[in-house]
Amino acid sequence: MAEQMDGVQPTEAAQERVPTVIADELHIVYRVYGTGTGKGSATAALNRIIRRRPSVGVREVHAVKGVSFTAYKGESIGLIGSNGSGKSTLLKAVAGLLPAERGKVYTHGQPSLLGVNAALMNDLTGEKNVVLGGLAMGMSREQIRERYDEIVDFSGINEKGDFISLPMRTYSSGMAARLRFSIAAAKDHDVLLIDEALATGDRAFQKRSEARIRELRKDAGTVFLVSHNNKSIRDTCDRVLWLERGELLMDGPTDEVIKAYEKETGK
Amino acid sequence: MSTVSETTHDSAVAMSAPPSADEGLTPVQRAEKYGLAQSGARPSLAEYVSQLWARRHFISAFASAKLTAQFSQAKLGQVWQVATPLLNALVYYLIFGLLIGTRKGVPDYVPFLVTGVFIFTFTQSSVMAGTRAISGNLGLVRALHFPRACLPISFCLMQLQQLLFSMGVLVVILLAFGQLPTWSWLLVLPALVLQFVFNTGLAMIMARLGSKTPDLAQLMPFIMRTWMYASGVMFSISVILQGKHVPHWVEVLLYANPAAVYIDLIRFALIDSFKASQLPPHVWAFALGWAVLAGVAGFVYFWKAEERYGRG
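All figures in this text were calculated on a predicted structure; none of them were measured in a lab. (Residues numbered from 1 in each chain as written. Chains lettered and ligands numbered in written order. Predicted model: local features only at pLDDT ≥ 70, side-chain atom pairs only at ≥ 80, totals over all residues. Heavy atoms only, no water.)

### Examining the UniProt feature "transmembrane region" (unreviewed entry) in chain B
Residues and elements named next belong to chain B.
Argument step 1. Feature annotation in UniProt places "transmembrane region" (unreviewed entry) on residues 79-100, 112-134, 155-177, 183-207, 219-240, 252-271 and 283-303, given in this structure's numbering.
Argument step 2. The annotated region residues 79-100 carries 100% helix and 0% strand content, and the separation between its end C-alpha atoms amounts to 30 Å.
Argument step 3. Annotated as residues 112-134, this span is 87% helix and 0% strand, and its ends, taken at the C-alpha atoms, are 35 Å apart. (UniProt positions renumbered as here; feature names shortened; annotations may be inferred. Helix = DSSP H or I, 4+ residues; strand = E, 2+ residues; numbered from the N terminus.)

Laid out in structure tokens, this is it:
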């Protein structure tokens, strides 16, 4: 842990501060359909269509309101804030997966979200999911073949017998989460975005994943981490952004921001 | 792609001044200086094609994964790949062959009907899967980066794999009805390739429309059924038109209908009693034309909205 900080941070920072992500007055608005505030009946819907009134079922959620920051190479940035404060939305916008309503995000290379869950299929074996997940993240078949054993060992799925050849729906939720993290963490990234990934698995696996994230950070330019676990933020991040109601409340060194956050939330 | 950004980035580093010079620059200027690109912007068409090519293994793996996952909960498992098209053909035979009697004037009615059903189902399920390709996979679209065209293409590939099972069933039926393999069976290959390109183009158009208006998934079954009844799946268009005075343009429309074109081509290839004289004029030109038109138009149309997929 300590040698990570000493090894990477000061040298990078002293050399030159190369920005990897620049967010410029970023606004994100979600449009949600089918939240009918009016009557939900079919006749009411037909009535709206005939009278050409805009559907009342569409609601806009202003999830991120004018956030600006610059992230530099070699930084590891934590995102904190209460539930629904826009942390995950901000990550998705940085990854380019959610279009900005106003403002812009500039990035170096292609930031990737550490989330492969959506590509995996519960009815397939763990084995096939490793390949499918790797391909979905853009790895080549050779890369996957090279890393396959590493991924399975890291997940620890086979510690209690040959589970990797069983369908994923037979896994416990902890096992499935471990396999997902292992697949997602197998790729090297320019800018890496991690959403609550550390909360999964048992204590031993959490330790292993924190170590893997520090490793990824060494290779990657910049790591963003969303977590409600202040300890894992303290252990892995050197800078923290505090979001509340979609606004950037505070941006600074980890200790400072977390202290303020803990004071505010009354811990 | 990554190599390009790598080099631009390196050159930016080489000529950049000490950090103090960055103060006073606007975010846009700073982004330019360090060669940062706007996140989530749409790539050029050529770049898009090469990105898609780089993901070809994902496309095929996703298709076969979906296919195996489909019946993995059923006790008979993959047997349903074959049983489903067979049962489908049986139902149509009962209704149209025996009850309504559209078999009149059509020799080898069972192979004729089964070919029609299987080939139309290929287009039908590709279009249906295309409609839901984006709207039904929002989780995937919102979590990972890949050219979104992977999804409709992958779903069409899955339908093609499904069709190959059906074609196996069809071969057995053909043999059972005394059709022996001939060289003309090879014509099935170019016809299916063209139909696959046509389906994929159509699926990409529907994927974009369906991503904006998910309601289309509710509407499509009716449109597809109308299309099926107009495509001569369970009757022969030429037999129906015989001795009737329909306007010329209706006749042209019925014969130029892409679904009818592909169905007739496969029937011509497989069934001896389906003679070349029953094929509409310029049928291969139509088959090729529809494939190129739908394929190119569908791809460009889909690409134009690339950066907007996955939005609420």
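We are not done yet, so read on.
### What to know about the sheet that holds strand β1 (residues 37-38) of chain B
Argument step 1. Read across the sheet, four strands follow the order β2(A)-β1(A)-β4(A)-β1(B) without closing on themselves; strand pairing throughout is antiparallel. Each edge of the sheet is formed by a strand with only one pairing partner; in this case those strands are β2 (59-72) of chain A together with β1 of chain B.
Argument step 2. Across five bridges, strand β1 (residues 19-32) of chain A lies against strand β4 (residues 102-107) of chain A in antiparallel orientation. Pairing of alanine 23 of chain A across the sheet is with valine 105 of chain A, part of β4 of chain A. (Pairing = 2+ DSSP bridges.)

### Focus on the side chain of threonine 115 of chain B
Residues and elements named next belong to chain B.
Argument step 1. Within the secondary structure, threonine 115 is located in helix α6 (residues 109-131).
Argument step 2. In this structure threonine 115 comes out as buried when scored by relative accessible area, which is 0%.
Argument step 3. Once residues lying within four places of it in the same chain are set aside, the contact partners of threonine 115 are Leu170, Ile266, Arg267 and Ile271. (Buried < 20%, exposed > 50% of the residue type's maximum accessible area, 1.4 Å probe, protein only. Contact = heavy atoms within 4.5 Å.)

### Notes on unusual backbone geometry
Argument step 1. Of note, glutamate 25 of chain A is a non-glycine position whose phi angle comes to about 45 degrees, a positive value.
Argument step 2. Relative to the helices and strands, glutamate 25 of chain A is located in strand β1.
Argument step 3. Given the relative accessible area of 43%, glutamate 25 of chain A is considered partly exposed.
Argument step 4. Not every positive phi belongs to a glycine, and histidine 282 of chain B is a case in point at roughly 55 degrees.

### Here's the deal with the confidence of the model for chain A
Residue and element names in this part refer to chain A.
Argument step 1. For chain A, the average pLDDT comes to 80, and 85% of its residues sit at 70 or higher.
Argument step 2. Ranking the elements of chain A by mean pLDDT puts helix α1 (residues 2-15) last with 42 and strand β8 (residues 239-244) first with 91.
Argument step 3. Considering only residues more than four positions removed or in separate chains, one finds that residues 1-14, a stretch of pLDDT under 50, has 15 contacts. (pLDDT = per-residue confidence, 0-100.)

### Focus on the sheet that holds strand β5 (residues 112-113) of chain A
Pairing between the strands of a sheet is mediated by backbone hydrogen bonds and can be parallel or antiparallel.
Residue and element names in this part refer to chain A.
Argument step 1. Ordered by their spatial adjacency, six strands build an open sheet running β5-β6-β7-β3-β8-β9, and the pairing between neighbours is mixed. What marks the edges here is a single partner per strand, and that holds for β5 and β9 (247-253).
Argument step 2. In this sheet, β8 lies alongside strand β3 (residues 76-80) in parallel orientation, the contact comprising four bridges. Across the sheet, residue glycine 78 finds its bridge partner in β8, namely valine 240.
Argument step 3. In the packing of helix α9 (residues 254-265) onto the sheet, the strands contacted are β3, β8 and β9, and the crossing angle to β9 comes to about 135 degrees. (Axes fitted to C-alpha atoms, helices over the stretch in contact; angles between N-to-C directions.)

### Re the side chain of threonine 123 of chain B
Argument step 1. Its location among the elements puts threonine 123 of chain B in helix α6.
Argument step 2. Excluding its chain neighbours within four sequence positions, the residues that come into contact with threonine 123 of chain B are Gln195, Phe198, Asn199, Met224 and Trp227 of chain B.

### Quick word on the pairing of strand β6 (residues 191-195) of chain A
Residues and elements named next belong to chain A.
Argument step 1. Of all five residues in β6, four are buried; the element is thus mostly enclosed.
Argument step 2. As paired strands, β5 and β6 are joined by two bridges and run parallel to one another. Within the sheet, the bridge partner assigned to serine 112 lies in β6 and is leucine 192.

### Quick word on the packing of aromatic side chains
All names here are of chain B.
Argument step 1. Following the criterion strictly, the structure yields 17 aromatic pairs over all chains and no others.
Argument step 2. Aromatic side chains phenylalanine 58 and phenylalanine 62 sit 5.6 Å apart centroid to centroid with 50 degrees between the ring planes, which places their arrangement in the tilted category. Taken together, the positions of phenylalanine 58 and phenylalanine 62, both in helix α4 (residues 56-70) and four residues apart, correspond to about one turn of that helix. No difference in accessibility class separates phenylalanine 58 from phenylalanine 62, as the two residues are buried.
Argument step 3. Members of the aromatic cluster, joined through ring pairs, are Phe58, Phe62, Phe146 and Phe155.
Argument step 4. Its guanidinium or amino end placed over the ring of tyrosine 301, arginine 208 lies 4.1 Å from that ring's centre, counting from NZ or CZ.
Argument step 5. Positioned above the aromatic ring of phenylalanine 112 is the side chain of arginine 267, whose terminal nitrogen or guanidinium carbon lies 3.5 Å from the ring centre. (Phe/Tyr/Trp six-rings, centres within 6.5 Å; stacked < 30°, edge-to-face > 60°. Lys NZ or Arg CZ within 6 Å of the ring centre and 35° of its normal.)

### Points about the nonpolar core
Argument step 1. Membership of the largest hydrophobic core comes to 55 residues, with the highest contact counts inside it found for Met167 and Leu270 of chain B.
Argument step 2. Of all elements in the fold, only α5 (79-100), α6, α8 (150-176), α9 (188-212), α10 (216-230), α13 (258-270) and α14 (283-303) of chain B reach the threshold of two or more residues within this core.
Argument step 3. Here this core gets eleven residues from one element, more than from any other, and that element is α6 of chain B.
Argument step 4. Those residues within four positions of methionine 167 of chain B in sequence are excluded, and the remaining contacts are Ile119, Val188, Leu192, Ile266 and Leu270 of chain B.
Argument step 5. Of all hydrophobic cores here, the second largest spans 54 residues; its members include Leu124, Ala136 and Met168 of chain A together with Trp303 of chain B. (Core = buried A, V, L, I, M, F, W, Y, C linked by side-chain atoms within 4.5 Å.)

### Description of the interface of chain B and chain A
Argument step 1. Taken residue by residue, the interface counts 42 residues in chain B and 47 residues in chain A.
Argument step 2. Across the interface of chain B and chain A, roughly 3900 Å² is buried in total on both sides, 60% from carbon and sulfur atoms.
Argument step 3. Counting every contact that joins chain B to chain A gives zero salt bridges.
Argument step 4. Breaking the side of chain B that touches chain A down by element, the ones donating at least two residues are α1 (2-15), α2 (27-33), β1, α4 and α7 (138-143) of chain B.
Argument step 5. The class makeup of the residues in the side of chain B that touches chain A is 18 nonpolar, 15 polar and nine charged.
Argument step 6. Alignment of β4 of chain A against β1 of chain B, held across two bridges, turns out to be antiparallel. Within β1 of chain B, the residue paired with threonine 107 of chain A across the bridge is alanine 37 of chain B. (Buried area = accessible area lost by both parts, 1.4 Å probe. Salt bridge = Lys/Arg side-chain N within 4 Å of Asp/Glu carboxyl O. Nonpolar A, V, L, I, M, F, W, Y, C, P; charged D, E, K, R; others polar.)

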